[in-house]
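A structural walkthrough
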Amino acid sequence: MSDTGAANFDEMLNRDGTVRPAYADFRQWFDGQDTAWLRRQDAEAERFFRRIGITFNVYGDDAGEERLIPFDMIPRIITAREWRKLTRGIEQRVRALNAFLQDLYHRQEIIRSGRLPIEALRNNEAFLSQMIGFTPPGGVYTHIVGIDLVRTGDDEFMVLEDNARTPSGVSYMLENRETMMAMFPELFTRIPVRPVSDYPRRLARSLRACAPPAHTGSGRPVVAVLTPGIYNSAYFEHAFLADQMGAELVEGSDLRVMDGRVCMRTTTGYKAIDVIYRRVDDDYLDPLTFNPNSALGVAGIFDVYRSGGVTIANAPGTGIADDKAIYSYMPEIVEFYTGEKPILQNVPTWRCSEADSLGHVLDNLSDLVVKEVHGSGGYGMLIGPTSSKKELADFEAKLRAKPANYIAQPTLSLSTVPIFTKEGLAPRHVDLRPFVLVSPNGIDITPGGLTRVALKKGSLVVNSSQGGGTKDSWVLDE
Amino acid sequence: MLGRAANGVYWMSRYLERAENTARLIDVGFHLALTRGNRQSQDEEWKSVLTTTGQLEDYCQKHSDFSGTQVFNYLLREKDNPGSVLAMVENARTNARVVRTSLTNSVWETTNEGWMNLRELLSRPVRETSLGEVLTQIRRTGTLVRGALEGTMLRNEVFNFSRIGTFIERADNTARILDVKYYVLLPSTAWVGSSLDNVQWDTLLRSVAGNRAYSWLNAGSMDPRGIARFLILDGQFPRSLIFCYDKIRSNMAGLAKEYGREVSAHQLLRDAGAKLHQITIEEIFEGGLHEYLQAFISKTIEIGSAIAADYRFSE
């Protein structure tokens, strides 16, 4: 995906080349530094990441090949005022997402009222019939949410995607900050940046607050992180979070169901777990209920869950809320459950399942971005403006064959933030994923998030699996 | 802690210890081969190194030539040798990655860095001129990880399982090294007292990094019985069988204290430890040194298996 040529919003510089207030202090510091020294620090950062093993595995590569997500040292800066508005919008959206899930798995008022067509649920694999009529402990479905935002103007943030299953990337948010603080400590004494480092503690507290009520009497709830194992692309993050929370990092083979509880095999016997922060997809959670071939989950865990013996975070079946087919209804969903107008806008979206929309999409294919409804990570999408005639024709065939599998959006004029290149500062497109925790005690948004940046000039694709990098994201204190 | 995690730290330590011991054996083989004039006795030395590491059979299936470069490259880095030093350090690192949450950053980073350095050093065939540097790096990795464990880990179950892994492996390695060369310590050849014997004895001591210590304790004079006593029964020498067993017992005692109960391995160790403390070197030779070492190796395996089962290393 690349620029359509329209001038986009640069977060550091005004159109006349002057520095915006958010970046004033940083830019002043930056201009006073020796470039050769900055370059050395940049190289140092990569060594640092390798040494501590912040790597990810790319699917399809040789097993065991670990790559680094490139880190760019220029921070992405958000002012206190901007952040205040974002938090209100995110909180509203997350409240709506949970209410929506509760409704979908119970009375389905939103469908009865005609605001959401039943077709959106039919044949949708993300909707788990096993969850119907069940309310998770504390009424929380999405314990951890990542809201992907893009900026298109001074005061315009839009939601590109909701991540309500198992959003990843929070370890990069934390390690990027650590790295910046280690490389440029004086920056943080000059500029008031709100800290992010207590995220793991907040996560642990939030998860413990969601423990099943029947088992909260006997001391502090036991939390474990369930990982598919060391070959998973986000294993580093799983280990990192478990470590920082003081929770056990477990694999399916460590767990079994005993006496109505999920228990882990310790050196001294089996011990019950109260809350499982799972980083395993729904389908692999329980071979007895879902995919019978799964070796990553625990046989019988779903029965324990339904009988109140364990909390699973996020709840199974939350994927329906971040499904790309549902995304286009989010403005209605927010309004339906909160009674308010959405504070954060959606990116305009055409549902190819609808004949009118499909016609429009087919007519304008070369200007649009078309995404698979169930895809993620930037795989299987068409970027009209940069595709060849043949690619467009091939995609058109797929689109015509299964229109309901696709949605389309205009290519947005995404904001840019400079990165540090050999030639000095150069603008690149970014997005932002703030991380949100939900518990019965409320909604907790860590000030900052993960900024992903397209490293190639003009590129709009920020996914790490497609060559994107990350930046430290600063929210300035009042 | 999780049984799988205990298994991970235990094997991480075992692999690092084994890699280090293999490096030392290569070092000794290399020095010895240098002192041998003819090709045939050089080959014999390298064969003996392969025997000690238990890889002679596998090696013979792939190679027919016993030149030093061929053998040490096999032992260090050959791709389809699962027992190569590189594979072992990789295993150690993979285990460390699995149990990363149980380790301090310092232990993890040292292990990861050691692996990254060795992977780089061993990415090309090793020549005789660079062998020294490679072997030093292998030993240094083991030393640094042990240092990081010692300096940064809580003295808890994780630490104890790691130490138990180290000393089970070390006891096994020392016994195997001694067993492959036991015949050089037998009276039938000892009375000859030739200079060849002296070289053989010195080699044996070098293989367990004990030559300096032994000379120091014995004012430079060497006798086969003294060497055997030193390697089996000297409680001061950190690679002797008795030292390793004492360490395993003390770390197992740590586990019993932390968990508030003993397991079957404790009794096994108590019996084996008591026997080691009672037996004399004369009795060992009377019963046959080789037989004694064979029994010791089996006992160590039995203890290792009991620990794995008692502490639920796997399902």
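Residues numbered from 1 in each chain as written. Chains lettered and ligands numbered in written order. Predicted model: local features only at pLDDT ≥ 70, side-chain atom pairs only at ≥ 80, totals over all residues. Heavy atoms only, no water.

This next bit is on the overall build of chain A. Helices and strands together make up the secondary structure of chain A, namely 14 helices and 23 strands. Relative to a compact globule of 478 residues, whose C-alpha radius of gyration would be 23 Å, chain A shows 23 Å and is just as compact. Expressed along its principal axes, the backbone C-alpha trace of chain A runs to roughly 65 × 55 × 45 Å. Buried positions account for 58% of the 478 residues belonging to chain A. If you take every contact in chain A between residues at least 6 apart in sequence, the share linking residues at least 24 apart comes to 69%. Of the roughly 19400 Å² that chain A leaves accessible, carbon and sulfur atoms contribute 48%. Counting 53 positive and 62 negative side-chain charges, chain A places the averaged centre of each group 1 Å from the other. (Helix = DSSP H or I, 4+ residues; strand = E, 2+ residues; numbered from the N terminus. Rg over C-alpha atoms; globule rule 2.2 N^0.38 Å. Buried < 20%, exposed > 50% of the residue type's maximum accessible area, 1.4 Å probe, protein only. Contact = heavy atoms within 4.5 Å. Areas by Shrake-Rupley, 256 points an atom, 1.4 Å probe, with all protein chains shown as cover. Lys, Arg positive; Asp, Glu negative; His and termini not counted. Charge placed at Lys NZ, Arg CZ, Asp CG, Glu CD.)

This part is about the sheet that holds strand E6 (residues 223-226) of chain A. Residues and elements named next belong to chain A. Strand order in the open sheet formed by four strands is E7-E6-E11-E12, with parallel pairing between adjacent strands. Pairing within the sheet leaves two strands with one partner each, and these edge strands are strand E7 (248-250) and strand E12 (311-313). Averaged over neighbouring strand pairs, the angle between their axes works out to 25° when direction is ignored. As paired strands, E6 and E7 are joined by three bridges and run parallel to one another. Note on E7: the bridge partner recorded for valine 225 is leucine 249. The strands that helix H8 (residues 235-245) touches are E6, E7 and strand E11 (275-278); relative to E7, the one it contacts most, it runs at about 150°. (Pairing = 2+ DSSP bridges. Axes fitted to C-alpha atoms, helices over the stretch in contact; angles between N-to-C directions.)

Let us look at H8 of chain A. Residue and element names in this part refer to chain A. Here H8 lies mainly inside the structure; nine of its 11 residues are buried. Buried within H8 we find Tyr235, Phe236, Glu237, His238, Ala239, Phe240, Leu241, Ala242 and Met245. Downstream of H8 by a residue or two, glycine 246 has a phi angle that is positive, lying close to 70°.

Another aspect to go through is the packing of aromatic side chains. A full pass over the atoms with the stated rule returns 31 aromatic pairs over all chains. Between phenylalanine 161 of chain B and phenylalanine 313 of chain B, the aromatic rings sit 5.7 Å apart at their centres with planes inclined by 70°, giving edge-to-face as the arrangement. Remark: phenylalanine 313 of chain B occurs in the segment after helix H16 (289-310) and phenylalanine 161 of chain B occurs in helix H8 (residues 157-180); sequence separation between them is 152 residues. For the pair phenylalanine 161 of chain B and phenylalanine 313 of chain B, a shared accessibility class is recorded, and that class is buried. An aromatic cluster is defined as three or more aromatic residues linked by ring pairs; in this entry it consists of Phe26, Trp29, Phe30, Trp37, Phe184, Phe188, Phe420 and Trp474 of chain A. Positioned above the aromatic ring of tyrosine 329 of chain A, the side-chain terminus of arginine 351 of chain A is 3.7 Å from the ring centre. (Phe/Tyr/Trp six-rings, centres within 6.5 Å; stacked < 30°, edge-to-face > 60°. Lys NZ or Arg CZ within 6 Å of the ring centre and 35° of its normal.)

Residue and element names in this part refer to chain B. Overall, the coordinates contain four cavities of 30 Å³ or more when judged by the stated rule. Empty space within the largest cavity amounts to approximately 100 Å³. Elements that contribute at least two residues to the lining of the largest cavity include exactly helix H1 (3-35), helix H2 (39-52) and helix H10 (195-207). In terms of residue class, the lining of the largest cavity is built from six nonpolar, five polar and two charged. Approximately 70 Å³ is the volume found for the second largest cavity. Contributing to the lining of the second largest cavity are Met12, Ser13, Leu16, Glu17, Glu20, Gly142, Val145, Arg146, Leu149 and Thr166. Where the lining of the second largest cavity is concerned, the elements lending two or more residues are H1 and helix H7 (128-152). (1 Å grid on protein atoms, 1.4 Å probe; cavity = no way out; pocket = protein on both sides within 12 Å on 5 of 7 lines; lining within 4 Å. Points joined across faces, edges and corners; volume = space filled by probe spheres on them. Nonpolar A, V, L, I, M, F, W, Y, C, P; charged D, E, K, R; others polar.)

Below, the discussion takes up the interface of chain B and chain A. With 27 residues of chain B at the interface, the matching set in chain A holds 27 residues. Surface buried jointly by chain B and chain A totals about 2400 Å² across both partners, of which 46% is contributed by carbon and sulfur atoms. Here chain B and chain A share three salt bridges between them. Residues arginine 4 of chain B and glutamate 251 of chain A are paired through a salt bridge, measuring 3.2 Å at the closest nitrogen-oxygen approach. (Buried area = accessible area lost by both parts, 1.4 Å probe. Salt bridge = Lys/Arg side-chain N within 4 Å of Asp/Glu carboxyl O.)

This paragraph deals with the pattern of salt bridges. Side chains bearing opposite charge may pair, as long as their charged atoms lie close to each other. One pass over the full model with this rule turns up 50 salt bridges over all chains. Taking the shortest distance from any N to any O, the salt bridge between aspartate 162 of chain A and arginine 93 of chain A comes out at 2.7 Å. Here arginine 93 of chain A lies in helix H3 (residues 80-104) and aspartate 162 of chain A lies in strand E5 (residues 156-163), a separation of 69 residues in the sequence. For the residue pair aspartate 162 of chain A and arginine 93 of chain A, the accessibility class agrees, reading buried in each case. With a closest N to O distance of 2.6 Å, arginine 433 of chain A and aspartate 148 of chain A form a salt bridge. Of this pair, arginine 433 of chain A sits in strand E19 (residues 424-433) while aspartate 148 of chain A sits in strand E4 (residues 144-153), and the two are 285 residues apart along the sequence. The network of salt bridges with shared partners includes Glu17, Glu20, Arg24, Arg146, Arg170 and Arg239 of chain B.

Bringing the confidence of the model for chain A into the picture now. Predicted coordinates in regions of low pLDDT should not be interpreted in detail. Residues and elements named next belong to chain A. On average, residues of chain A score 90 in pLDDT, and 94% of them reach the 70 mark or higher. Ignoring residues within four places in sequence, the model shows residues 1-6, a span with pLDDT below 50, making 20 contacts including any to other chains. Counting interchain partners and residues more than four positions distant, the pLDDT-below-50 stretch residues 58-64 has six contacts. (pLDDT = per-residue confidence, 0-100.)

On to the domain arrangement of chain B, then. All names here are of chain B. Segmentation of chain B into domains returns domain 1 (1-153) and domain 2 (155-315). Just the C-alpha atoms count here: the centres of domain 1 and domain 2 sit 21 Å apart. Taken together, the contact between domain 1 and domain 2 spans 27 residues of the former and 32 residues of the latter. Across the domain 1/domain 2 interface, buried area totals approximately 2700 Å², and carbon plus sulfur atoms make up 59% of it. The interface formed by domain 1 and domain 2 contains seven salt bridges. Glutamate 17 is paired through a salt bridge with arginine 239; the nearest N and O atoms lie 3.0 Å apart. In this assembly, domain 1 and domain 2 are joined by 10 residue pairs in polar contact (both at pLDDT 80 or more). (Domains from an automatic or database assignment. Polar contact = N/O pair within 3.5 Å; in protein donor to acceptor, adjacent residues only side chain to side chain.)

With that out of the way, let us pick up the sheet that holds strand E15 (residues 368-372) of chain A. Residue and element names in this part refer to chain A. One open sheet accounts for four strands, arranged E14-E17-E15-E16; its pairing is antiparallel. In the strand order of this sheet, the two ends are held by strand E14 (350-351) and strand E16 (382-383), each with one partner. Bridging between E15 and E16 involves two bridges; their strand directions are antiparallel. Within the sheet, the bridge partner assigned to valine 370 lies in E16 and is leucine 382.

This paragraph deals with the layout of surface pockets. Any empty space left between atoms is shown by rolling a water-sized probe over those atoms. Its volume calculated, the second largest pocket comes out at about 690 Å³. Together, 32 residues line the second largest pocket, and Ala242, Gly246, Ala247 and Glu248 of chain A together with Thr101 of chain B are the ones closest to its centre. Secondary-structure elements contributing two or more residues to the lining of the second largest pocket are helix H7 (199-208), H8, E7 and strand E9 (261-266) of chain A together with H1 and H8 of chain B. The element best represented in the lining of the second largest pocket is H8 of chain A, accounting for three residues. Its residues placed into classes, the lining of the second largest pocket shows 18 nonpolar, seven polar and seven charged.

Glancing now at the packing of H1 of chain B against H2 of chain B. All names here are of chain B. Contact geometry of H1 with H2 gives a least axis separation of 9 Å together with a crossing angle of 170°. Relative to H2, the element H1 is oriented roughly antiparallel. As H1 runs across H2, the sense of the crossing is right-handed. Contact residues: Leu25, Ile26, Gly29, Phe30, Leu32 and Ala33 in H1; Gln42, Glu45, Trp46, Val49 and Thr52 in H2. Of the residues that constitute the contact of H1 with H2, the class distribution is seven nonpolar, three polar and one charged. (Parallel < 35°, antiparallel > 145°, perpendicular 65-115°, else oblique. Left-handed = near helix turned anticlockwise from the far one by under 90°.)

Let us now look at unusual backbone geometry. Following alanine 313 of chain A, the chain continues into asparagine 314 of chain A via a peptide bond in cis, with omega recorded as -10°. Relative to the helices and strands, asparagine 314 of chain A resides in the loop between E12 and helix H11 (324-327). For alanine 209 of chain B, which is not glycine, the phi dihedral falls at a positive 55°. Tracing the chain through its elements places alanine 209 of chain B in the loop between H10 and helix H11 (211-218). Classification of alanine 209 of chain B as partly exposed rests on a relative accessible area of 38%. The phi dihedral of arginine 312 of chain B is positive, around 55°, even though this residue is not glycine. Position of arginine 312 of chain B relative to the elements: it lies in the segment after H16. For arginine 312 of chain B, a relative accessible area of 28% puts it in the partly exposed group.

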